[in-house]
Amino acid sequence: MQNDLPIRKIIHVDMDAFYASVAQMDNPELIGKAIAVGGGGTRGVISAASYEARKFGVKSAMSGRLAIKLCPHLIFVKTDFERYKEISNKIRKIFYDYTDLVEPLSLDEAYLDVTQNKKGNPSASMLAEEIRSRIFNEVGLTASAGISINKFVAKVASDYNKPNGQKVVNPEEVLAFLEALDIRKFYGIGKVTAEKMYQKGIYNGKDLKSKSIEFLESNFGKSGKSYYYIVRGIHNSEVKPNRIRKSLAAERTFTENLSSEVFMLEKLKVIADEVAKRLANSKVAGKTITLKIKYSDFTLQTRSKTLPYFIADAAIILDTAKDLLYQEKMNNSVRLLGISLSNLNTLNKPKKIESDKTISVQLSFKF
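Attention here is on the structure that accompanies the text. (Residues numbered from 1 in each chain as written. Predicted model: local features only at pLDDT ≥ 70, side-chain atom pairs only at ≥ 80, totals over all residues. Heavy atoms only, no water.)

Describing the pairing of strand E5 (residues 102-106)
Line of reasoning, step 1. Alignment of E5 against strand E6 (residues 109-113), held across four bridges, turns out to be antiparallel. Following the sheet pairing, Val-102 is matched in E6 by Leu-112.
Line of reasoning, step 2. Turn length for the E5-E6 hairpin, with the two strands adjacent in sequence and antiparallel, is two residues. (Pairing = 2+ DSSP bridges. Helix = DSSP H or I, 4+ residues; strand = E, 2+ residues; numbered from the N terminus.)

Here's what the structure looks like:
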């Protein structure tokens, strides 16, 4: 047994319907009503939905047209990212009262490593309760939390008692929790992978655990190895206060489909300028430019080009995007264009997966 393996207490805090909840907080007349953030007009796409709207099947990434069919009394509100950032910063200040090991995943969720915390409280579950209470009292919003021995289990657990709840998966409960978990609930396993797993007779964690690492790698490639370890409670990714950005992008959905490449170039210039602005704000540059094209029939296509040097200049980004646009003939009229820059000039540390010995150390740790 390796005694130097990391032993952690991880909290995953996830705000409840964050964008919609902020809108309801700022406009009390919306409280208790079915609302959707974004998605207005004939071609809009929903960014978030209140729990009242979710009861009717309304969800993020859904077209506003479909949402209104499911929920005729749905109220659309505009997105306000400056306001979301303002609220998010207030919430993060609360996190930092407990630990400096805070890893934001987005504006509305973050990991906290409270193994050694500023309150000197050995109970991660009590700390999560206190953090959620402070968010409600000081910010006015509810949050849910998952607490466990690693980031993966904590994130899955945070979804269990939503909204305004939390779930603790104690060390001795981890293996049973993962074995009983529906494969669709495994964070990182999307719809396509889940369907492929169904075809292989994998419906839950127990089924996944029964498969050898060779079987999983053969059928699911590089991800197969991570599945093998995760279902055994082995996930030693640290909470990283300064997460390394892997890509940066901007995109636009148009009110009318574009069929002329001249009009597309005008839109690409606006998008390239936005990408360059974001690169400057983040103080990064990249080598790989990817053009994203969504056609009027909703089929998606990406075209990429990697340059021999790092760039952050809007003109070079636009010129490369133009080359990609003319790379081949359009299949249809276009409803969305996007540009992303990846292969950034940030340091990438290799991921490390520990052996099965990790779990025996972690399970001896009291929560």
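Considerations on the nonpolar core
Line of reasoning, step 1. The biggest cluster of nonpolar side chains holds 34 residues, and the ones touching the most others in it are Ile-11, Phe-18, Ile-91, Phe-95, Leu-112, Ile-131 and Ile-135.
Line of reasoning, step 2. Counting only elements with at least two residues in this core, the list comes to strand E1 (10-15), helix H1 (18-26), strand E2 (35-38), helix H4 (81-96), E6, helix H5 (124-138) and strand E7 (143-148).
Line of reasoning, step 3. Setting aside residues up to four positions removed in sequence, Phe-18 forms contacts with Tyr-84, Ile-87, Ser-88, Ile-91, Leu-107, Asp-108 and Leu-141.
Line of reasoning, step 4. Residues Met-264, Leu-265, Ala-276 and Ala-314 belong to the second largest nonpolar core, which totals 31 residues. (Core = buried A, V, L, I, M, F, W, Y, C linked by side-chain atoms within 4.5 Å. Buried < 20%, exposed > 50% of the residue type's maximum accessible area, 1.4 Å probe, protein only. Contact = heavy atoms within 4.5 Å.)

Considering the sheet that holds E2
Line of reasoning, step 1. Spatial ordering of the open sheet is given by E3-E2-E4, a layout of three strands whose pairing is mixed. Every other strand in the sheet has two partners, leaving strand E3 (46-49) and strand E4 (75-77) as the edge strands with one partner each. Direction aside, the axes of adjacent strands within the sheet are offset by 30 degrees on average.
Line of reasoning, step 2. Relative to E3, E2 is paired through three bridges, and the arrangement is antiparallel. Bridge pairing links Ala-36 to Ala-49 in E3.
Line of reasoning, step 3. The strands touched by H1 are E2, E3 and E4; relative to E2, the strand with the most contacts, the crossing angle is about 110 degrees. (Axes fitted to C-alpha atoms, helices over the stretch in contact; angles between N-to-C directions.)

Considerations on the sheet that holds strand E8 (residues 166-168)
Where strands meet in a sheet, backbone hydrogen bonds hold them as pairs that are either parallel or antiparallel.
Line of reasoning, step 1. In space, the five strands of this open sheet follow the order E5-E6-E1-E7-E8, with mixed pairing throughout. The open sheet has two edge strands, E5 and E8, and neither has a second partner. With strand direction ignored, the average angle separating the axes of adjacent strands in the sheet is 15 degrees.
Line of reasoning, step 2. Two elements, E7 and E8, share three bridges in a ladder whose sense is parallel.

A word on unusual backbone geometry
Line of reasoning, step 1. A cis amide bond links Lys-162 with the next residue in sequence, Pro-163, at an omega value of -5 degrees.
Line of reasoning, step 2. Within the secondary structure, Pro-163 is located in the loop between helix H6 (151-157) and E8.
Line of reasoning, step 3. Of note, the phi angle at Ala-61 is positive, near 70 degrees, even though the residue is not glycine.
Line of reasoning, step 4. Mapped onto the fold, Ala-61 is located in the loop between helix H2 (51-54) and helix H3 (64-70).
Line of reasoning, step 5. Phi is positive for Asn-343, close to 55 degrees, though the residue is something other than glycine.
Line of reasoning, step 6. Relative to the helices and strands, Asn-343 is located in strand E12 (residues 334-344).

Points about the packing of helix H12 (residues 261-282) against helix H13 (residues 314-325)
Line of reasoning, step 1. Packing of H12 against H13 brings their axes to within 8 Å, and their N-to-C directions diverge by 140 degrees. With respect to H13, the element H12 is oriented oblique. In this structure, the crossing between H12 and H13 has a hand that is right-handed. Residues Glu-261, Met-264, Leu-265, Leu-268, Lys-269, Ala-272, Asp-273, Val-275, Ala-276 and Leu-279 of H12 form the contact with H13, whose participating residues are Ala-314, Ile-317, Leu-318, Ala-321, Lys-322 and Leu-325.
Line of reasoning, step 2. For the contact of H12 with H13, the per-class residue count stands at twelve nonpolar, no polar and four charged. (Parallel < 35°, antiparallel > 145°, perpendicular 65-115°, else oblique. Left-handed = near helix turned anticlockwise from the far one by under 90°. Nonpolar A, V, L, I, M, F, W, Y, C, P; charged D, E, K, R; others polar.)

Remarks on helix H10 (residues 213-220)
Line of reasoning, step 1. Burial in H10 covers these residues: Ile-213, Leu-216, Asn-219 and Phe-220. Viewed along the axis of H10, the buried residues span an arc of 145 degrees, placing them on a single side of the element. Looking at H10, the residues exposed on the side facing more than 90 degrees away from the buried face are Glu-214 and Ser-218.
Line of reasoning, step 2. The inward-facing, buried residues of H10 abut helix H8 (191-199), helix H9 (205-209) and helix H11 (222-230).
Line of reasoning, step 3. Of the residues trailing H10, Gly-221 is marked for its positive phi of about 65 degrees. (Arc of directions from axis to C-beta.)

Quick word on empty space enclosed by the protein
Line of reasoning, step 1. Following the criterion strictly, the structure yields one cavity of 30 Å³ or more and no others.
Line of reasoning, step 2. Within this model, the largest cavity holds a volume of roughly 50 Å³.
Line of reasoning, step 3. As for the largest cavity, its lining consists of Val-13, Met-15, Ser-88, Ile-91, Arg-92, Phe-95, Ser-106, Leu-107, Asp-108, Glu-109 and Ala-110.
Line of reasoning, step 4. Among the secondary structure elements, those contributing two or more residues to the lining of the largest cavity are E1, H4 and E6.
Line of reasoning, step 5. Grouping the constituent residues of the lining of the largest cavity by class yields six nonpolar, two polar and three charged. (1 Å grid on protein atoms, 1.4 Å probe; cavity = no way out; pocket = protein on both sides within 12 Å on 5 of 7 lines; lining within 4 Å. Points joined across faces, edges and corners; volume = space filled by probe spheres on them.)

A few points about the layout of surface pockets
Line of reasoning, step 1. Counted as a void, the second largest pocket has a volume near 750 Å³.
Line of reasoning, step 2. Along the walls of the second largest pocket sit 26 residues, with Asp-14, Arg-54, Ser-60, Asp-159 and Lys-162 positioned nearest its centre.
Line of reasoning, step 3. Looking at the lining of the second largest pocket, the elements that each hand over two or more residues are E1, H1, E3, H2 and H6.
Line of reasoning, step 4. Split by residue class, the lining of the second largest pocket holds twelve nonpolar, four polar and ten charged.

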